[in-house]
Amino acid sequence: MKKDIRICGFGGQGVILAGFIIGKAASVFENYNAVQSQSYGPEARGGAARSEVIISDEKIGYPRPVGVDCLVAMSQESFDTYRDDIRDDAVIILDPDLVKRHEIGRKLYKVNALKIAEELGNKIVTNIVMVGAFASIYGLLKPESVKESVIDSVPKRFTDLNVKAFERGFEAGKNALKKL
Amino acid sequence: MKYKRDPKRIREVLGKKVQFILGDIACVYGGLLAGVSFFGGYPITPASEVAEGMARRLPRVGGVYIQMEDEIGSIAAVIGAAWGGSKSMTATSGPGFSLMMENYGFAVMTETPCVIVNVQRTGPSTGQPTLGAQGDMMQVRWGTHGDLEALAFAPSTVQECMDFTIEAFNLSEKYRNPACVMTDGEVGHLRERIVIPDEKDLKLIDRTPATIDKKDFIPFTNSQTIKNCKVPDFPTFGTGYRTYVTGLTHNEKGFPATDKQPDHERLVKRITEKIMDDADKLVMVEEMNLDDADIAFVTYGATARPAESAMEMARKNGMKVGLLRLKLVWPFPDKLITKLAKDVDKIIVPEMNLGQIVHPVNEYACKHCEVVSAPKIGGEMHLPMELYKYLEGK
């Protein structure tokens, strides 16, 4: 088993942290091998950014994806830029408010991550809502491993907010699964 | 205040035994585990995280982090700290490494133990700051003027970034020579799982201090403590041993002796022989599927990863392909390459440059087999498929 996961958005949304949390969940809180790489523009905010995670039960040689099994998109520009190499059976998860032009004739899982984060009082956790949605929709990792990884990766004073974001995202993911 | 390595504090600062971290941060962990107590930093992409990680952690274990005015200053401070008794290090990338070349030679000539992490990026000059390359593999060997032996590691994984930084300190301390960890923007900015070794599994080497009666001490001669060892005992500044440190050719007492051929030959031959006498012991490689191989990749660092993937694709298709990965690139494992060249029909050398380590490979293959360079530049590592095509001879 080897899965290539890409999380993309604009710089400042925390796509790298999201990939980091997923990679850590796989390799520290479960027994997979994982590598996480990233690429981003020189901007501190804005621009298209992506974070990629490979999860495998074997040794990982080449550390970058050569195709994508799961794409999580959090901005229009990054969705337009980083979807050329997704596989035919790839799972696509996106926020329809952030990726308005998303009808590309494919099955999509829509999660209103930004809206949920705003309901929780801080849109900074949009990425964690998406991590929660990833955990329920993609199903590769145990939800508790991903949750542990979230807790282990965010500042302690924000644990509660992030755990709520994860749980709301997880529920939203479940609902998105039911809709399809 | 004298620094004393405190394993308990170091472990507190490092945190959990199993972590998912950046290659650059793994170099920080390696340094801290080895007992680094001084870091002279100057930030540069993609090595900045090493300086940042040290600035956050080193003071917490009782060490000193100084951000210098530039890379020339940072390596100079590192050399000074080493003479004050510290295990000291710095980290940089291509442009900074170029600036360090003069003092790198000074560290060789004055037999100063220190570690330089070079997270290589593309060049020449400023190049592509955020992207990886392996462009400095010859610079570390030949970039400073004069005769020297280099000690240069090339990690392929995040775990090795930590392990090789520890090993770099060990060799540097043992031979009193600078040692370099030649990682790159790919491995440096990759996150992977690392397992921090327990204290009982750590093998740390410290320089041999001068202990002989002070009036009998000779600073630049064979060890006066260990028999048949060409590495002089170390007279830490402030311990009362009289020493003069200069980059000029010096006699055994350390004083300039710049006009006589025998003085220079004796000094520089000892400086190189102290390492090369142990060259066979210093071979550090990983061999994969070489027993029956017709074609072998000889590779190192990040490039070993797509090469391994290409090898696996080829094996599945019935091709007899093996891989020799150089963990320590310098000193170069010359005898091993000659032996390999006799055993295979073809050696392919993938590198993220236009061909550097392919040259010593070609030299020591001694025409026993075909040697092919597989270069790639521009900040991307080879795709496994690109290397597979070399195996097919395309």
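Quantities reported herein were computed from a predicted structural model and do not represent experimental measurements. (Residues numbered from 1 in each chain as written. Chains lettered and ligands numbered in written order. Predicted model: local features only at pLDDT ≥ 70, side-chain atom pairs only at ≥ 80, totals over all residues. Heavy atoms only, no water.)

## Comments concerning the overall build of chain B
- The helix and strand inventory of chain B stands at 13 helices and 14 strands.
- In summary, chain B has a C-alpha radius of gyration of 21 Å against a globular reference of 21 Å for 394 residues, a match within 12%.
- Taking the principal axes of the C-alpha coordinates as reference, chain B spans close to 70 × 50 × 40 Å.
- Among the 394 residues that make up chain B, the fraction classed as buried is 58%.
- Within chain B, counting contacts between residues at least 6 apart in sequence, those at least 24 apart form 77% of the total.
- Split by element, the accessible area of chain B, about 16,100 Å² in all, is 52% carbon and sulfur.
- Both charge centroids of chain B, one from 47 positive and one from 51 negative side chains, sit 5 Å from each other. (Helix = DSSP H or I, 4+ residues; strand = E, 2+ residues; numbered from the N terminus. Rg over C-alpha atoms; globule rule 2.2 N^0.38 Å. Buried < 20%, exposed > 50% of the residue type's maximum accessible area, 1.4 Å probe, protein only. Contact = heavy atoms within 4.5 Å. Areas by Shrake-Rupley, 256 points an atom, 1.4 Å probe, with all protein chains shown as cover. Lys, Arg positive; Asp, Glu negative; His and termini not counted. Charge placed at Lys NZ, Arg CZ, Asp CG, Glu CD.)

## A look at the interface of chain A and chain B
- Counting residues at the interface gives 23 residues for chain A, matched by 21 residues for chain B.
- Carbon and sulfur atoms make up 51% of the area that chain A and chain B hide from each other, which totals about 1,700 Å².
- At the boundary of chain A with chain B, the tally comes to three salt bridges.
- The tally of links from chain A across to chain B stands at 13 residue pairs in polar contact (both at pLDDT 80 or more).
- Looking at the side of chain A that touches chain B, the elements with two or more residues in it are α1 (15-27) and β2 (33-39) of chain A.
- For the side of chain A that touches chain B, the element with the most residues is β2 of chain A, which contributes six residues.
- Counted by class, the side of chain A that touches chain B contains 11 nonpolar, seven polar and five charged residues.
- Strand direction decides the pairing type here: β2 of chain A and strand β8 (residues 191-195) of chain B, joined by two bridges, are antiparallel. (Buried area = accessible area lost by both parts, 1.4 Å probe. Salt bridge = Lys/Arg side-chain N within 4 Å of Asp/Glu carboxyl O. Polar contact = N/O pair within 3.5 Å; in protein donor to acceptor, adjacent residues only side chain to side chain. Nonpolar A, V, L, I, M, F, W, Y, C, P; charged D, E, K, R; others polar. Pairing = 2+ DSSP bridges.)

## Side note on the environment of Asp 198 of chain B
All names here are of chain B.
- Relative to the helices and strands, Asp 198 is located in the loop between β8 and α9 (261-276).
- Along the primary structure Asp 198 and Lys 17 are separated by 181 residues, whereas in three dimensions their C-alpha atoms are 8.3 Å apart.
- Here Asp 198 is in contact with Arg 11 and Lys 17, once residues within four sequence places are set aside.
- A polar atom in the side chain of Asp 198 sits 3.1 Å from the side chain of Lys 17.

## Some remarks on the sheet that holds strand β13 (residues 346-351) of chain B
Residue and element names in this part refer to chain B.
- Strand order in this open sheet of five strands is β9-β11-β10-β13-β14, and the pairing throughout is mixed. Strand pairing shows two members of the sheet lacking a second neighbour, β9 (285-288) and β14 (370-375), which therefore form its edges. On average, adjacent strands in this sheet sit at an angle of 20° to one another, irrespective of strand direction.
- As paired strands, strand β10 (residues 295-299) and strand β11 (residues 321-326) are joined by five bridges and run parallel to one another. By the bridge assignment for β11, Val 298 is matched with Leu 324.
- Seen against the sheet, helix α10 (residues 304-316) touches β9, β10, β11 and β13 and runs at an angle of roughly 165° to β11.
- Each of β10, β11, β13 and β14 touches helix α13 (residues 384-391); the most contacted strand, β14, lies at about 160° to it. (Axes fitted to C-alpha atoms, helices over the stretch in contact; angles between N-to-C directions.)

## With respect to a nonpolar patch on the surface
- Together, Val 66 of chain A together with Leu 383 and Met 385 of chain B line one region of the surface with nonpolar side chains, adding up to about 250 Å² of accessible area.
- For Met 385 of chain B, the position within the fold is in helix α13.
- Assessed through its relative accessible area of 40%, Met 385 of chain B is described here as partly exposed. (Patch = residues over 30% accessible without salt bridge, like charges linked within 9 Å, V, L, I, M, F, W, Y side chains within 5 Å.)

## A short note on the pattern of salt bridges
- Scanning the model with the defined rule gives 42 salt bridges over all chains in all.
- The residue Lys 147 of chain A makes a salt bridge to Glu 167 of chain A at a minimum N-O spacing of 2.8 Å. On the criterion of sequence distance, the pair formed by Lys 147 of chain A in helix α5 (residues 143-153) and Glu 167 of chain A in helix α6 (residues 159-179) is long-range, its members being 20 residues apart.
- Residue classification places Lys 147 of chain A among the partly exposed residues on the basis of a relative accessible area of 27%.
- By relative accessible area, Glu 167 of chain A is classed as partly exposed at 34%.
- The residue Asp 259 of chain B makes a salt bridge to Lys 260 of chain B at a minimum N-O spacing of 3.8 Å.

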